[in-house]
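# Topology and contacts: notes
The primary structure of each chain is shown beneath.
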Amino acid sequence: MRRSLLSLALCLPLYATASQSLVVCTEASPEGFDIVQYTAATTADASAETVFDRLVRFAPGTTRLQPGLAESWSISQDGLVYEFQLRRGVKFHETAGFKPSRAFNADDVIWSFQRQLDATHPWHKLSPRGFPYAESMALGQLIERIDKLDDYRVRFTLTHPEAPFLANLAMGFASIYSAEYAAQLLAAGTPDLLNRQPVGTGAFIFERYRKDAQIRFRANPDYWAGAPKVDRLLFAITPDPNVRLQQLKAGACQVAVYPRPTDIASLRDDPRLSILELDSLLTAYVGINTRHAPLDDVRVRQAINLAFDKKAYLRAQYGEGNASAAVTPYPATLLGYNDKLEPWPHDPERARKLLAEAGHPNGFKLSIWTRPGGGPTNPNPGIGAQMLQADLAAIGIKADIRVYEWGELIKRAKNGEHDLIFMGWAGDNGDPDNFLTPNLSCAAAKSGENQAGWCNAAFDGLIQQAGAMNDPTKRAELYRQALAIFHEQAPWIPLAHPKQFSVVRKGVEGFVLNPLGSNNFSRVWIKP
């Protein structure tokens, strides 16, 4: 999922009034609450990790699958049929605007997926942002049909085997909605409320949202997995990492997510605080828009990679030991990583020669897009953009820096307006496919989610083949071949695989960092 990196110097007067309230200083506003429309981790935190559940879920702090709204499942020998036995007695949230008349059942599963897959579904065209995961992963072509066998059994039939399919169902886009609530909204002519007043089965019930300020939730006492240990959950939207730490030290919040890595050493000396650290599935990169000339020329893209001093960038952004240099779209811990690929060196002379060969001996002009603030994949966007700008100037490329608020940046980038764009991705399910298909496939280029607009038939064929087989050895070899194509074609400047950090006040218990980048607070509590 895309990592939001906003920052405004915003300090909120939010204070926990009792130990049963948990206040989290978060990095950015959600794009909305209808999670199927969005890919940002901040949106997932505010919806998928609080309000909604999925058929399967990841065990806390791992990529290991466990039952969710489905208490069990079976997979046919040919890998084409997945049958789920649904959990009984799960209640949807009761809110001021909705009182459910029934418990969760198969109708809600069917609605939640058909809305994304079926162009004739009454809700399909009501999503202004479309369905980025479903579109970029071509789920409409993968899922042949979804059948309701009875109220508590659902069967998915695929057109071909798909190794990561079950793990994909644990991702935010596969959240289960109330079909009854959707029908009520449609009948009332207020479908937009699905994105503003979400209703799910999750651990927390949405109460209200004040844009760029706060989100309030209350605990769901009927949560099927056990009621949360705090009565209230408040997200204090505090994009500036310095302000987040100030709020944390002052006791205005008990958790501050995504401190700057360069601040970690000093934070360890504060006896009031504890540092949580994890080698997460994160990738920072600069997308090169191959739809814009001369960026459609591979020699130009290679020159841009050669021009950027990535070692200096890593030191400035992350400090010592807080990130590893990226060569491919995903970290070395995942299946099929190609360790024979060497990073593009910092070689301005070679870069200038490539530009001359491509017909640009005097360089050209382009734009570098970024956003305010900082997060785990880009702790200081302003400095990073300036470093890239200076290195490009050294080979004759004149770049202007454009800073956009997160939602505006993503909207414009999906339309392909950018040249170079600083982005980040947090793996959603621990499978290499999740880094490649949503970000670099031809389907993702068509939908606009592929920030590079890059569609390479050979690469696309290899990742499709890999996804369709279960043999990990064969999959790994296909991914190694695909990564070699990616490296040579250079649609990105791969930057870093950062560590993930959060800071909590002493007394906060039960908070576990997620290698997939999102944050779940359903089992967090505060010692008196």
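Up top you'll find the structure we're talking about.
All of the points below concern the structure found in this document. (Residues numbered from 1 in each chain as written. Predicted model: local features only at pLDDT ≥ 70, side-chain atom pairs only at ≥ 80, totals over all residues. Heavy atoms only, no water.)

### Side note on the nonpolar core
- Membership of the largest hydrophobic core comes to 113 residues, with the highest contact counts inside it found for Phe 84, Leu 86 and Phe 156.
- Those residues in contact with Phe 84 that lie beyond four places of it in its chain are Leu 55, Val 56, Ala 70, Ser 72, Trp 73, Tyr 152, Arg 153, Val 154, Phe 156, Leu 166 and Leu 169.
- Among the nonpolar cores identified, the runner-up in size contains 33 residues, and Ala 358, Ile 368, Leu 388 and Phe 422 belong to it. (Core = buried A, V, L, I, M, F, W, Y, C linked by side-chain atoms within 4.5 Å. Buried < 20%, exposed > 50% of the residue type's maximum accessible area, 1.4 Å probe, protein only. Contact = heavy atoms within 4.5 Å.)

### Digging into the packing of helix H14 (residues 433–440) against helix H17 (residues 472–489)
- Contact pair H14 / H17: the axes reach a minimum separation of 12 Å and the direction vectors enclose 45°. Between H14 and H17, the angle falls in the class oblique. Crossing of H14 over H17 shows left-handed handedness. Mapping the contact onto sequence places Asp 433, Leu 436 and Leu 440 in H14 and Arg 475, Tyr 479, Leu 483 and Phe 486 in H17.
- Residue composition of the contact of H14 with H17, grouped by class: five nonpolar, no polar and two charged. (Axes fitted to C-alpha atoms, helices over the stretch in contact; angles between N-to-C directions. Helix = DSSP H or I, 4+ residues; strand = E, 2+ residues; numbered from the N terminus. Parallel < 35°, antiparallel > 145°, perpendicular 65-115°, else oblique. Left-handed = near helix turned anticlockwise from the far one by under 90°. Nonpolar A, V, L, I, M, F, W, Y, C, P; charged D, E, K, R; others polar.)

### Regarding unusual backbone geometry
- In this structure, the amide linkage connecting Ala 293 to the following residue, Pro 294, adopts the cis form with an omega of 0°.
- Mapping Pro 294 onto the fold places it in the loop between strand E13 (282–288) and helix H9 (298–307).
- Its identity as a non-glycine residue notwithstanding, Tyr 258 has a phi of 55°, on the positive side.
- When you line up the elements, Tyr 258 lands in the loop between strand E11 (255–257) and helix H8 (264–267).
- Unlike most non-glycine residues, Ala 490 shows phi in positive territory, near 55°.
- Summarising the element assignment, Ala 490 is placed in the loop between H17 and strand E18 (492–498).

### Some remarks on the sheet that holds strand E17 (residues 420–426)
- As summarised here, the arrangement of the six strands in space is E14-E18-E13-E17-E15-E16, forming an open sheet in which the pairing is mixed. Of all strands in the sheet, those with a lone pairing partner are strand E14 (323–325) and strand E16 (398–403), marking the two edges. Sheet twist, expressed as the mean angle between neighbouring strand axes with direction ignored, is 25°.
- Pairing between E13 and E18: four bridges, direction antiparallel. Looking at E18, one finds that Ala 284 is bridged to Ala 496. (Pairing = 2+ DSSP bridges.)

### What to know about the sheet that holds strand E9 (residues 214–219)
- Taken together, the seven strands give an open sheet; going across it, the order is E8-E9-E10-E1-E11-E19-E12, and neighbouring strands pair in mixed fashion. Of all the strands in the sheet, just strand E8 (204–210) and strand E12 (273–278) have a single pairing partner and so form its edges. Strand-to-strand twist across the sheet, computed as the mean angle between neighbouring axes with direction ignored, equals 20°.
- Direction of pairing for E8 relative to E9: antiparallel, over a ladder of six bridges.

### Brief notes about the pairing of E18
- With seven of seven residues buried, E18 lies mostly within the body of the structure.
- Here E14 pairs with E18 via three bridges, running antiparallel. Bridge pairing in E18 places Ser 324 opposite His 497.

### Brief notes about empty space enclosed by the protein
- Applying the stated rule across the entire model yields four cavities of 30 Å³ or more.
- Forming the boundary of the largest cavity are 14 residues, of which Thr 26, Glu 27, Thr 42, Asp 45 and Phe 235 lie nearest the centre.
- Within the residue set of the lining of the largest cavity, elements represented by two or more residues are strand E1 (21–26) and helix H1 (41–46).
- For the lining of the largest cavity, the element with the most residues is H1, which contributes three residues.
- Class assignment of the residues belonging to the lining of the largest cavity gives a composition of nine nonpolar, three polar and two charged.
- Its boundaries defined by the atoms lining it, the second largest cavity holds a volume of some 60 Å³.
- Considering the residues around the second largest cavity, the lining is formed by Met 1, Ile 35, Tyr 38, Thr 39, Ala 40, Ala 44, Tyr 133, Met 171, Gly 172, Phe 173 and Asp 428.
- Residue classes in the lining of the second largest cavity are distributed as eight nonpolar, two polar and one charged. (1 Å grid on protein atoms, 1.4 Å probe; cavity = no way out; pocket = protein on both sides within 12 Å on 5 of 7 lines; lining within 4 Å. Points joined across faces, edges and corners; volume = space filled by probe spheres on them.)

### With respect to the pairing of E9
- In this structure, the hairpin formed by E8 and E9 is closed by a connection of three residues, where Asp 212 is found at a positive phi of approximately 60°.
- Sheet topology note: the E9/strand E10 (residues 232–237) ladder contains five bridges and is antiparallel. Opposite Gln 214, over in E10, you have Ala 236 as the bridge partner.

### Here's the deal with helix H13 (residues 406–414)
- Taken as a whole, H13 has its buried residues at Trp 406, Leu 409, Ile 410, Ala 413 and Lys 414. Angularly, the buried residues of H13 cover 125° about the axis, an arc narrow enough to put them on a single face.
- Where H13 is buried, its residues contact helix H3 (132–136), strand E15 (365–370), E17 and helix H15 (442–447).
- Immediately downstream of H13, the backbone of Gly 416 shows phi near 80°, a positive value. (Arc of directions from axis to C-beta.)

None of this, on its own, says anything about what the molecule does.
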